[in-house]
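Residues per chain, in single letters:
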Amino acid sequence: MELLSTNVSHGGEHRRYRHHSEALDCDMEFAVYLPPATLRNPGTSVPVLYWLSGLTCTDQNFMQKAGALGRAAELGLAIVCPDTSPRGVNLPGEDDSYDFGSGAGFYITATQDPWRRHYRMYDYVVDELPALVEAELPVSGRRSVSGHSMGGHGALICALKNPGRYASVSAFAPIANPSSCPWGTRAFSGYLGDDREEWADWDATLLVPGAPERLELLIDQGTADDFLDEQLNPDALADACEKVHHPIRLRMHRGYDHSYFFIESFINDHLDHHGRALGLL
């Protein structure tokens, strides 16, 4: 890993790294926050929250805007933020729009040309990046996962598809039923093709009925979110959970939108949710 930058924050350290990803066949950048305990006590390893960001974001949005590092420092929790897609792999059309291609990897494993060579973000965030981070940094194999919008979708499917891998999961304004919204249908058609049965493997609402682990889903959603009705559809996920008694805490917040002002307002609740599951509270 190539260290790109470091910043002291709340007694811990924010770092940015670059490395070559075998899963994505390109160089990738990611950020990590290491809490003070890892710096004060060499040999200490701490649990990790993997944060998956939304459309157009990089690793930097959450670290700079979410206001999460102070509470992470208090809890003794590391945070890892990957990018949202491969970058600069020179595929035709990869930079033509905000909701497909660069910045829009959707945390799935593409099966269609030309995307399948590089757009394997699911493999990257579930397997390759954690293996790298756990081998090279003072973090343990205790993991939780969270995210926003497209990244909320990513967090939900990562947890639902991998029983036992994560201690907890949460999401802000996730794309909860991507098979049935414009963002999701465009991405799934391009990355996965037209077989909707294959899409079901990457849709939280459709995964819930067969989920082998009933991990509680903590979801916060703003009522003033411009994307709520057309793109996000948390009610579909809540209905699917109710039918099979899958635990879900869907909290609707009056007046909040889709921005990081919303995330910053409730991020400590999510950090505490993960802290409890990871044994930090």
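Up top is the structure these notes are about.
(A) Examining the side chain of glutamate 128 more closely. Tracing the backbone through its elements, the reader meets glutamate 128 in helix H4 (residues 121-136). The buried charged residue glutamate 128 lacks any salt bridge, with arginine 120 as its nearest oppositely charged partner at 8.5 Å. A polar side-chain atom of glutamate 128 sits 3.1 Å from the main-chain amide nitrogen of alanine 23.

(B) Representation of helix H5 (residues 150-161). Taking 1.5 Å of rise per residue, the 12 residues of H5 would be expected to cover 16 Å, and the 17 Å separating its terminal C-alpha atoms lies within 8% of that figure. Along H5, the positions that sit buried rather than exposed are Met150, Gly151, Gly152, His153, Gly154, Ala155, Leu156, Ile157, Cys158, Ala159 and Leu160.

(C) Here's a closer look at a negative patch on the surface. Taken together, the side chains of Asp229, Glu230, Asp235, Asp239 and Glu242 make up a negatively charged region of the molecular surface. Top element by residues in the negative patch is helix H10 (residues 234-244). It accounts for 3 residues. Looking at where glutamate 242 falls in the secondary structure, it is placed in helix H10.

(D) Spotlight on the pairing of strand E3 (residues 26-34). Most of E3 sits inside the fold, with 7 of its 9 residues counted as buried. As defined by bridge partners, strand E2 (residues 12-21) adjoins E3 across 9 bridges and the pair is classed as antiparallel. The residue of E3 that forms the bridge with glutamate 13 is leucine 34. The pairing of E3 with strand E5 (residues 78-82) spans 4 bridges and is antiparallel. Bridging from a neighbouring strand, phenylalanine 30 pairs with proline 82 of E5.

(E) Representation of the nonpolar core in the model. The biggest cluster of nonpolar side chains holds 89 residues, and the ones touching the most others in it are Trp51, Phe62, Ile79, Phe106, Tyr191 and Leu237. For leucine 237, the contacting residues outside a window of four places in its chain are Leu156, Ala176, Ala204, Thr205, Val208, Leu217, Ile219 and Ile248.

What counts and what doesn't
- What you see as residue numbers is a count from 1 along each chain, following the sequence as written.
- Local features in this predicted model are restricted to residues of pLDDT 70 or higher, and side-chain atom pairs are both shown and tallied only at a pLDDT of 80 or more, whereas totals for entire chains, interfaces and linings draw on every residue.
- Water and hydrogen atoms play no part in the side-chain values, which are based on all heavy atoms of the structure.
- Numbered from the N terminus, helices here are DSSP runs of H or I no shorter than four residues, and strands are runs of E no shorter than two.
- Per-residue accessibility, obtained with a 1.4 Å probe over protein chains only, is compared with the maximum for each type, and a residue is labelled buried under 20%, exposed over 50%, and partly exposed between these values.
- In this tally, Lys and Arg are treated as positive and Asp and Glu as negative; His is ignored, and so are the chain termini.
- By definition here, a salt bridge exists when the distance from a side-chain nitrogen of Lys or Arg to a carboxyl oxygen of Asp or Glu is within 4 Å.
- Side-chain atoms alone can form a polar contact between residues adjacent in sequence; in general such a contact is a pair of N or O atoms within 3.5 Å, and within protein one must be able to donate a hydrogen while the other accepts it.
- Each residue after the first adds 1.5 Å to the expected span of a helix.
- In this scheme, patches are assembled from residues that exceed 30% relative accessible area and form no salt bridge. Like charges are connected within 9 Å, while nonpolar side chains (Val, Leu, Ile, Met, Phe, Trp, Tyr) are connected within 5 Å.
- Accessible surface is estimated by sampling points in the Shrake-Rupley manner with a 1.4 Å probe; for residues, cover comes only from the protein chains shown.
- Taken as the charge location is NZ of Lys, CZ of Arg, CG of Asp or CD of Glu.
- For two strands to count as paired, DSSP must find a minimum of two bridges between them.
- Nine residue types can take part in a nonpolar core, namely buried Ala, Val, Leu, Ile, Met, Phe, Trp, Tyr and Cys, and a core is a set of them joined through side-chain atoms within 4.5 Å.
- Whether two residues are in contact is decided by their heavy atoms: any pair within 4.5 Å suffices.

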